[in-house]
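# Remarks on the overall topology
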Amino acid sequence: MPQVAQTEHQQRTATSITEGKLFRDRLRDRYKATDYVRIINIDNEKFDWQYFPIDGEVEGFSDNGATRVIEGRQRFTSNFDGRLPGNEQIWSLGAGDSEVLVGANADLFIEGLYKKLVAKKRLTDTPKISETQARSFNWNDGLLQEQMIDKLFLGIENPTFNEPQRSQAPTKK
């Protein structure tokens with residue numbers, strides 16, 4: 001019988017995964033926070049998350065340097081009767097949709113959707129439990145983290161932004 005070459009996905013087993021590794025470190029093994037990456041929503045419903053860009057806040061000082069002031073975050077009004085918006089961005093990705101995001105934003109999507117899918121599976125597996133019994137979602141399972149990241153992360157992209165249009169040579173009549 002001919003030998004079949006193993007892919008990276010087939011080589012991952014419970015004994016080949018490092019347990020106790022942070023989720024973000026697993027993502028850093030695949031891409032940098034500044035890379036553009038393609039992700040996909042494998043859930044059957046849309047997923048929403050909030051992203052704060054790295055350049056979204058400005059730090060300064062007032063009162064001759066005695067008070068540190070940070071602008072750009074959501075904050076209360078001066079009389080605390082409402083909130084002023086900041087530079088936070090709300091993102092949404094529909095079921096089955098794919099998108100290219102900057103790596104830091106993709107981190108939030110992948111980790112959030114991973115936790116949502118693990119929770120949904122756990123609730124489906126044990127829908128009725130006693131009121132005195134605690135429900136554990138075990139988000140720290142290294143093998144499951146690697147498998148879900150493999151499904152949600154499709155690869156690094158090299159998008160081109162505002163590429164100039166090439167002029168067409170005039171056609172002769």
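Because the structure is a prediction, the values reported are computed rather than measured.

### A short note on the sheet that holds strand S9 (residues 153–157)
With antiparallel pairing, the three strands of this open sheet are ordered in space as S8-S1-S9. The sheet is open, and its two borders are formed by strand S8 (98–102) and S9, each paired with just one other strand. When the angles between neighbouring strand axes are averaged without regard to direction, this sheet yields 30°. For strand S1 (residues 36–40) and S8, the ladder comprises five bridges, and the chain directions are antiparallel.

### Examining the environment of Ser92
Tracing the sequence through the fold places Ser92 in strand S7 (residues 89–93). Ser92 sits 44 residues away from Asp48 along the chain, and the two C-alpha atoms are 4.3 Å apart. Excluding residues within four positions of it along the chain, Ser92 makes contact with Lys46, Phe47, Asp48 and Trp49. Within the structure, Ser92 has its side chain in polar contact with the side chain of Asp48 (distance 2.6 Å).

### Some thoughts on helix H4 (residues 142–152)
Along H4, eight of the 11 residues are buried, which leaves the element largely enclosed by surrounding structure. Burial in H4 covers these residues: Gly142, Leu143, Gln145, Glu146, Met148, Ile149, Asp150 and Leu152. Of the residues that open H4, the one with a side-chain oxygen 3.3 Å from the backbone nitrogen of Leu143 is Asp141.

### With respect to the pattern of salt bridges
Oppositely charged side chains may form a pair once their charged atoms are brought near each other. According to the stated counting rule, one finds 14 salt bridges in the structure shown. The partner of Lys21 in a salt bridge is Asp29, and the shortest N-O contact between them spans 2.3 Å. Arg26 is the salt-bridge partner of Glu146, the closest N and O atoms lying 2.9 Å from each other. Of this pair, Glu146 sits in helix H4 while Arg26 sits in helix H2 (residues 23–28), placing them 120 residues apart in sequence. With a relative accessible area of 7%, Glu146 lands in the buried category. Each of Arg26, Arg30, Glu146 and Asp150 takes part in salt bridges that share partners, so that together they form one network.

### What about the packing of aromatic side chains?
By the definition in use, this model includes seven aromatic pairs. Ring centres 5.9 Å apart and planes at 20° place the aromatic pair Phe47 and Trp49 in the stacked group. You'll find Phe47 and Trp49 in the same group, each marked buried. Three or more aromatic residues joined by ring pairs form one cluster here, namely Phe47, Trp49, Trp91 and Phe109. Across from the ring centre of Trp139, 5.4 Å away, lies the NZ or CZ of Lys115, which sits over that ring.

### Describing helix H3 (residues 103–125)
Its 23 residues give H3 an end-to-end C-alpha distance of 32 Å, which sits within 8% of 33 Å, the value for a rise of 1.5 Å per residue. Those residues of H3 not exposed but buried are Gly103, Asn105, Ala106, Asp107, Phe109, Ile110, Glu111, Leu113, Tyr114, Leu117, Val118 and Ala119.

### Digging into the packing of H3 against H4
Between H3 and H4, whose axes approach to 10 Å, the crossing angle comes to 120°. In terms of their interaxial angle, H3 and H4 are classed as oblique. In terms of crossing hand, the pair formed by H3 and H4 is right-handed. Across from Ile110, Leu113, Tyr114, Leu117 and Val118 in H3, the residues of H4 making contact are Leu144, Gln145, Met148, Ile149 and Leu152. For the contact of H3 with H4, a count of residues per class yields nine nonpolar, one polar and no charged.

### Considering the nonpolar core
Side chains of a nonpolar character, in soluble globular proteins, are inclined to be buried together. One finds Tyr31, Ile39, Trp49, Phe109 and Ile110 to be the most contacted residues of the largest nonpolar core, which totals 21 residues. Counting residues per element, the ones that place at least two in this core are H2, S1, strand S2 (47–51), H3 and H4. With seven residues, H3 is the largest single contributor of residues to this core. Those residues in contact with Ile110 that sit more than four places away from it in its chain are Phe23, Leu27, Tyr31, Ile39, Ile149, Leu152 and Phe153.

Each value, and the rule that gives it
Residues numbered from 1 in each chain as written. Predicted model: local features only at pLDDT ≥ 70, side-chain atom pairs only at ≥ 80, totals over all residues. Heavy atoms only, no water. Pairing = 2+ DSSP bridges. Helix = DSSP H or I, 4+ residues; strand = E, 2+ residues; numbered from the N terminus. Axes fitted to C-alpha atoms, helices over the stretch in contact; angles between N-to-C directions. Contact = heavy atoms within 4.5 Å. Polar contact = N/O pair within 3.5 Å; in protein donor to acceptor, adjacent residues only side chain to side chain. Buried < 20%, exposed > 50% of the residue type's maximum accessible area, 1.4 Å probe, protein only. Salt bridge = Lys/Arg side-chain N within 4 Å of Asp/Glu carboxyl O. Phe/Tyr/Trp six-rings, centres within 6.5 Å; stacked < 30°, edge-to-face > 60°. Lys NZ or Arg CZ within 6 Å of the ring centre and 35° of its normal. Expected span 1.5 Å × (residues − 1). Parallel < 35°, antiparallel > 145°, perpendicular 65-115°, else oblique. Left-handed = near helix turned anticlockwise from the far one by under 90°. Nonpolar A, V, L, I, M, F, W, Y, C, P; charged D, E, K, R; others polar. Core = buried A, V, L, I, M, F, W, Y, C linked by side-chain atoms within 4.5 Å.

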